[in-house]
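# Working through the structure, step by step
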Amino acid sequence: MEKEMLYPVINACRTEQKLDGMWQFKFDALGVGGHEHWPAGLPQAQEIPVPASFNDFFTDKDSREYTGDFWYARHFFVPAAAQGRFVGLRFDAVTHRAAIYVNGQLIRRHEGGFLPFVADVTAAVHYGADNLVVVQGNNELSREALPAGDTVTLKNGKKMARPFFDFYNYSGINRSVHLLTLPQQRITDYTVNTTLTGDAAQVAYTVATTVPGTVTVTLTDAAGTVVAQGEGAEGTLTVAQPHLWQVRAAYLYTLTIQLQAAGQLVDEYQDSIGLRTIAIRGHQILVNGQPVYLKGFGRHEDSPFAGRGFDQNVEAKDVALMAWTGANSFRTAHYPYAEEVYQMADRAGFLVIDEVPAVGFKMAAASFLGGLDQSFFGGDWIKPLYTKHLDQITDMIRRDKNHPAVLAWSLLNEPDTCDDRSVPYFKQLFADTAALDPQRRPRTFTLSEDDTITTSKDLQFPDFYLLNRYPGWYHYAGYALSDGEAALRAELDQWASSGIDKPIVFSEFGADTEAGLHKLPSVMWSEEYQVEVLQMFSRVFDSYPFIRGEQVWNFADFQTVEGTMRVNGNKKGIFTRDRQPKAAAFYYRQRWLALPLNFKND
Ligand code: BDP
């Protein structure tokens, strides 16, 4: 069960019940919970919503900034009919680490705040009776963990998170919790991989099960008509005249997998899949063999009240706003998002660059936030960090590999690739992840401004380049913007003369902007200035044929640590944190609706 990542479904063989709602909650600054038997129940707890980050529900700063152990608990009922079945508690995400206790017994631990895990509670629950789940969470940051940071202790004894990254360390049970009952003999995973030949699609599939048995797979179209069937745990489905999944014109088929043992149906799983191919060819990003130009955003899971807690209302609004701007893609900066986000992207036809929380792997970034001057890849934390990094990439790919929306894997954000010591790390990482995705999607990482064609030591690894660039903001700002344009062109001229044979996508660029601040002529922080910076980038993008995408930083304003560089968060949003447009949103709507999908190839 350790690595079963299938999203919960309900059918004749499987049940799931969401355990969302109000849970008991308690901080444990002194680390006494273990000795004081909190696994058996939380004394004098308060109520807090799940799923949500706990931080913004508090009115005192010690609680909002709390760093350390925290506990959640709730009762749940397991029906008698579940006896003999596999019973699990699936946590879609607990940030950053968790120990799960049921009826006082430790079931398992998990590390990694943005990916799901299942606690096998089959032997620990009372059937036909009430049960208690207690979660011991921890949100400390360290250099040995993802995302990277430090935890410091203030003179008053309180711990404080010092992230090496630019987003608030929102913590808690950030996504749903499900009570699953599954057959013991069951489907544990499946993969699909489409190729297109002539006017047919071949969908190669594999199905993993707990026991050998007879596997059948059935593919039905959106009208419910069966279009292909296969037998066996692996095989190929051929779909004549397939209705392809296209960018912003999604079409989904339903894949139904059945497992029979001794002539009896024992398990069934169904999912929506899209038929499409992805490839990189020269400067082109190809979907179904056709070049696409990416337009869209770097995003965050971030909203008022729930923090990083998944909220389908926010996501539904974001999807509508992205569509309104004419966007066709986004990057899940800087961690894998809730599974519902990918499901919605599958249906809306957005391409997703899926990123693992390998962020803060650079001391210069840390020094911008706190002042550290050391080599990141030279540190003694690198070995344990690597193990966790690989583990989280493995889980992310296992979780998201069948989504048609997923275009590429981003394995790191702005690591220090100018350091020779990064090279063995990258070599190993790209070797160890090469075969994880059955679809062999492109793998990449973002390059910070320090990492250029002349300085980066790791440009041989990615399948295409993601550049994060901030002329007009962190340098060449304000009236010097024209020099920023010249510097950006000079840099891109260097890439051009290198004979670059891969696409470049600009994965970050932008300017902090206070919504409602207007000024003619512009000043930094005004809506007018943000538009001028973004227009400058558009001019540059349009001048270089190998630039095949633009994802502006950021979709919306988001919360960060407090500091001299941030006014209650990062304000580079095209939308405000409550999802209202700044002038730049209208600018992009005008630009992107006019740019053809095959821009630069027509
Ligand atoms: C980049 C980071 C991103 C920041 C952004 C910024 O990748 O997380 O939020 O800069 O400074 O370096 O706005």
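Residues numbered from 1 in each chain as written. Predicted model: local features only at pLDDT ≥ 70, side-chain atom pairs only at ≥ 80, totals over all residues. Heavy atoms only, no water.

In space, the 4 strands of this open sheet follow the order β18-β17-β20-β21, with antiparallel pairing throughout. Of all the strands in the sheet, the pair left with one neighbour each is β18 (226-231) and β21 (264-273). Between one strand and the next, the sheet's axes are offset by a mean angle of 15°, whatever the strand orientation. Pairing of strand β17 (residues 214-220) with β18, which is carried by 5 bridges, proceeds in the antiparallel orientation. (Pairing = 2+ DSSP bridges. Helix = DSSP H or I, 4+ residues; strand = E, 2+ residues; numbered from the N terminus. Axes fitted to C-alpha atoms, helices over the stretch in contact; angles between N-to-C directions.)

Moving on, we get to the packing of aromatic side chains. Per the counting criterion, the structure on display carries 56 aromatic pairs. Geometrically, the ring pair formed by Tyr470 and Tyr474 is edge-to-face, given 5.3 Å between the ring centres and 70° between the ring planes. Exposure remark for Tyr470: the relative accessible area of 6% places this residue in the buried category. A relative accessible area of 35% means that Tyr474 is categorised as partly exposed. Taken together, the ring pairs in this structure connect Phe361, Phe376, Phe377, Trp381, Tyr386, Tyr425, Phe426, Phe430, Phe445 and Phe461 into an aromatic cluster. The aromatic ring of Trp381 is capped on one face by Arg143, whose charged end is 5.0 Å from the ring centroid. Seen from the ring of Phe555, Arg299 lies directly overhead, with NZ or CZ sitting 5.7 Å from the centre. (Phe/Tyr/Trp six-rings, centres within 6.5 Å; stacked < 30°, edge-to-face > 60°. Buried < 20%, exposed > 50% of the residue type's maximum accessible area, 1.4 Å probe, protein only. Lys NZ or Arg CZ within 6 Å of the ring centre and 35° of its normal.)

Looking at the chain, the domain boundaries give domain 1 (20-175), domain 2 (187-273) and domain 3 (291-594). Of note, the centres of domain 1 and domain 3, computed from C-alpha atoms alone, are 30 Å apart. Every contact between the two is made by 30 residues of domain 1 and, on the other side, 45 residues of domain 3. Across the domain 1 to domain 3 interface the summed buried area is about 3300 Å²; carbon plus sulfur atoms make up 59%. (Domains from an automatic or database assignment. Contact = heavy atoms within 4.5 Å. Buried area = accessible area lost by both parts, 1.4 Å probe.)

Turning our attention to the nonpolar core. Residues Phe361, Phe376, Leu492, Trp495, Ile504 and Phe506 are the most contacted members of the largest nonpolar core, which totals 107 residues. Per-element accounting of this core gives the leading share, 8 residues, to helix α8 (residues 527-541). Setting aside its immediate chain neighbours within four residues, Phe506 contacts Leu467, Arg469, Leu488, Leu492, Phe537, Phe541, Ile547, Gly549, Glu550 and Gln551. In this structure, Trp23, Phe25, Ala98 and Val177 belong to the second largest nonpolar core, which totals 31 residues. (Core = buried A, V, L, I, M, F, W, Y, C linked by side-chain atoms within 4.5 Å.)

Before going further, it helps to spend a moment on the sheet that holds strand β7 (residues 97-102). Paired through their backbone hydrogen bonds, the strands of a sheet run either parallel or antiparallel. The sheet built from 6 strands is open, its strands ordered β3-β2-β4-β10-β7-β8 with antiparallel pairing. With one partner strand each, in any of the chains shown, β3 (46-50) and β8 (105-111) form the two edges of the open sheet. On average, adjacent strands in this sheet sit at an angle of 30° to one another, irrespective of strand direction.

Before going further, it helps to examine the packing of α8 against helix α9 (residues 583-594). Two numbers describe a pair of packed helices, the interaxial angle and the distance between the axes. Contact pair α8 / α9: the axes reach a minimum separation of 8 Å and the direction vectors enclose 30°. Taken as axis vectors, α8 and α9 run roughly parallel relative to one another. Judged by the sense of rotation from one axis to the other, the crossing of α8 with α9 is right-handed. Of α9, the residues touching α8 (which contributes Glu527, Gln530, Val531, Leu534, Gln535, Ser538 and Phe541) are Ala583, Ala584, Tyr587, Tyr588 and Arg591. Its residues assigned to classes, the contact of α8 with α9 comprises 7 nonpolar, 3 polar and 2 charged. (Parallel < 35°, antiparallel > 145°, perpendicular 65-115°, else oblique. Left-handed = near helix turned anticlockwise from the far one by under 90°. Nonpolar A, V, L, I, M, F, W, Y, C, P; charged D, E, K, R; others polar.)

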